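Spelled out, the chains give:
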Amino acid sequence: MRIVRAFPAVICAVLCAFPLFAQDADLTAARALFERNLNAIRTRDRDTYLQSYLHAPSLARGGPQGFTTGYDDFAKGAGG
């Protein structure tokens, strides 16, 4: 009977911990992308640098003149 009472608590603990594992995997992937981007900057590898960004008109960038959108204009001005 004691096991039956503990079962919902065990299930709850497992389900609550699941997002922690997903976050860890997401963090690891984000860190790898960040490191790849930094290495591309260091080595002046334009193609690898551009692969780190969303190839879409919805890519948003901020600068001194405010926000702009679009990958194509960004790619034209990157490292060229």
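Source: prediction; values computed, not measured. (Residues numbered from 1 in each chain as written. Predicted model: local features only at pLDDT ≥ 70, side-chain atom pairs only at ≥ 80, totals over all residues. Heavy atoms only, no water.)

A. The overall build of the protein, seen in detail. A count of helical and extended segments in the protein gives three helices and two strands. Put simply, the protein has 80 residues, and 15% of those count as buried. The long-range share in the protein, meaning contacts at least 24 apart out of those at least 6 apart in sequence, stands at 24%. In the form shown here, the protein has an accessible surface area of approximately 6,800 Å², with 63% of it arising from carbon and sulfur atoms. (Helix = DSSP H or I, 4+ residues; strand = E, 2+ residues; numbered from the N terminus. Buried < 20%, exposed > 50% of the residue type's maximum accessible area, 1.4 Å probe, protein only. Contact = heavy atoms within 4.5 Å. Areas by Shrake-Rupley, 256 points an atom, 1.4 Å probe, with all protein chains shown as cover.)

B. How the structure looks around the side chain of Ser 52. Positionally, Ser 52 belongs in the loop between helix H2 (46–51) and strand E1 (60–63). Ser 52 gets classed as buried once you look at its relative accessible area, which sits at 14%. There is a polar contact of 3.4 Å between the side chain of Ser 52 and the side chain of Asn 37. Beyond its immediate stretch of four places on either side in the chain, Ser 52 contacts Leu 33 and Asn 37. (Polar contact = N/O pair within 3.5 Å; in protein donor to acceptor, adjacent residues only side chain to side chain.)

C. Structural detail: the pairing of strand E2 (residues 66–69). Summarising the sheet, E1 and E2 pair through four bridges and their orientation is antiparallel. By the bridge assignment for E2, Arg 61 is matched with Thr 68. (Pairing = 2+ DSSP bridges.)

D. How the structure looks around the packing of aromatic side chains. A complete count under the given rule lists four aromatic pairs for this structure. Chaining the aromatic ring pairs together yields one cluster made of Tyr 49, Tyr 53, Tyr 71 and Phe 74. (Phe/Tyr/Trp six-rings, centres within 6.5 Å; stacked < 30°, edge-to-face > 60°.)

E. The pattern of salt bridges, seen in detail. The tally for this structure, following the rule as stated, stands at two salt bridges. Across the salt bridge formed by Arg 31 and Glu 35, the nearest N and O atoms sit 2.8 Å from each other. Of this pair, Arg 31 and Glu 35 are both found in helix H1 (residues 2–43), four residues apart, which corresponds to roughly one turn of the helix. What makes Glu 35 partly exposed here is its relative accessible area of 33%. Residue Lys 76 pairs with Asp 73 through a salt bridge whose shortest N-O separation is 3.8 Å. With Lys 76 and Asp 73 both in helix H3 (residues 71–77) and three residues apart, this pair spans about one turn of that helix. In terms of burial, Lys 76 and Asp 73 fall into one category: exposed. (Salt bridge = Lys/Arg side-chain N within 4 Å of Asp/Glu carboxyl O.)

F. Inspection of the nonpolar core at higher detail. Counting eight residues, the largest nonpolar core consists of Ala 40, Tyr 49, Leu 50, Leu 59, Tyr 71, Phe 74, Ala 75 and Ala 78. In terms of residues, this core owes the most to one element, H3, which gives three residues. Residues within four places of Ala 40 in sequence aside, it is in contact with Asp 45, Thr 48 and Tyr 49. (Core = buried A, V, L, I, M, F, W, Y, C linked by side-chain atoms within 4.5 Å.)

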